[in-house]
Amino acid sequence: MIRKASLKDIDSLIEITKACAGDMIVKHIFQWNEHYPNRTAFENDIKRKELYVLDIKNTIIGCIVISTFMDAEYLPVIWLTPNKNNSYIHRLAVHPKHQGKGYAQLLMDYAENHAVENNDTSIRLDTFSKNMRNQKFYELRGYKKLGAIYFPKQSEDPFFCYELIL
C-alpha cells in the first residue's frame, strides 16, 4: 500500500536510503552520501505533504516524493513544457533487499497517476549521470533526457534532468 508518510516513518526511511547509498557506493555510484538524503529533507517533505511510503505488511520498503516545487538547480534547464503545472519526483528509493520486484515501477505508476489526477502538464526529475540503471529505468518509461545540473554536496559529477509530458 502506498500512503502519505508521517514523522514516525522517518527512521525507516533513513535506514532505507542509507542502505541504498551503501549499495550504490559499492557499485561506484556516488549519488547519495552522508549529506543526502537526510532527516531534515524528509521532515520538510512531510510538512509539505509530498512524501509517500510503500508499506508492505506493516514494513516500509520504499518511498517517493511528489512535489510541485521546482528547485533552483532546475532553473537553467530547458524543459519541454512551461514551468507551471509540473510535478517533481525526488528521493525515489526501494530498500536493496526488495529491489528487482517491481516496487520502483509501482511507486512511479503512483506518481504519474497522481500527476494526471492533478492535471499536471509533465513530470520532471533528475538522476545521477553515473547511475545507468536509473537512466534506463526512466527512459523505458518514456522520460526524455534534457540538461545536466550539479549538486556539489552530493557529487562533482552531473545529474541528468528528465521530463515526461503527460
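This is a predicted model, so every value here is computed, not measured.

(A) Summary view of the nonpolar core. Membership of the largest hydrophobic core comes to 29 residues, with the highest contact counts inside it found for Leu-13, Trp-32, Phe-42, Leu-51, Cys-63, Tyr-74 and Ile-149. Elements supplying a minimum of two residues to this core: helix H1 (10-26), helix H2 (39-47), strand S2 (51-56), strand S3 (59-67), strand S4 (86-94) and strand S7 (159-165). Those residues in contact with Cys-63 that sit more than four places away from it in its chain are Leu-13, Phe-42, Leu-51, Tyr-52, Val-53, Arg-91, Leu-92, Ala-93 and Leu-107. Residues Tyr-52, Leu-92, Met-108 and Tyr-162 belong to the second largest nonpolar core, which totals 22 residues.

(B) Highlighting the sheet that holds S2. Strand order in this open sheet of seven strands is S1-S2-S3-S4-S5-S7-S6, and the pairing throughout is mixed. The open sheet has two edge strands with one neighbour each: strand S1 (2-4) and strand S6 (144-149). Across this sheet, the average inter-strand angle for adjacent strands is 30°, counted without regard to direction. The pairing of S1 with S2 spans three bridges and is antiparallel. Bridging from a neighbouring strand, Arg-3 pairs with Val-53 of S2.

Criteria and cut-off values
- Residues numbered from 1 in each chain as written.
- Predicted model: local features only at pLDDT ≥ 70, side-chain atom pairs only at ≥ 80, totals over all residues.
- Heavy atoms only, no water.
- Core = buried A, V, L, I, M, F, W, Y, C linked by side-chain atoms within 4.5 Å.
- Buried < 20%, exposed > 50% of the residue type's maximum accessible area, 1.4 Å probe, protein only.
- Helix = DSSP H or I, 4+ residues; strand = E, 2+ residues; numbered from the N terminus.
- Contact = heavy atoms within 4.5 Å.
- Pairing = 2+ DSSP bridges.
- Axes fitted to C-alpha atoms, helices over the stretch in contact; angles between N-to-C directions.

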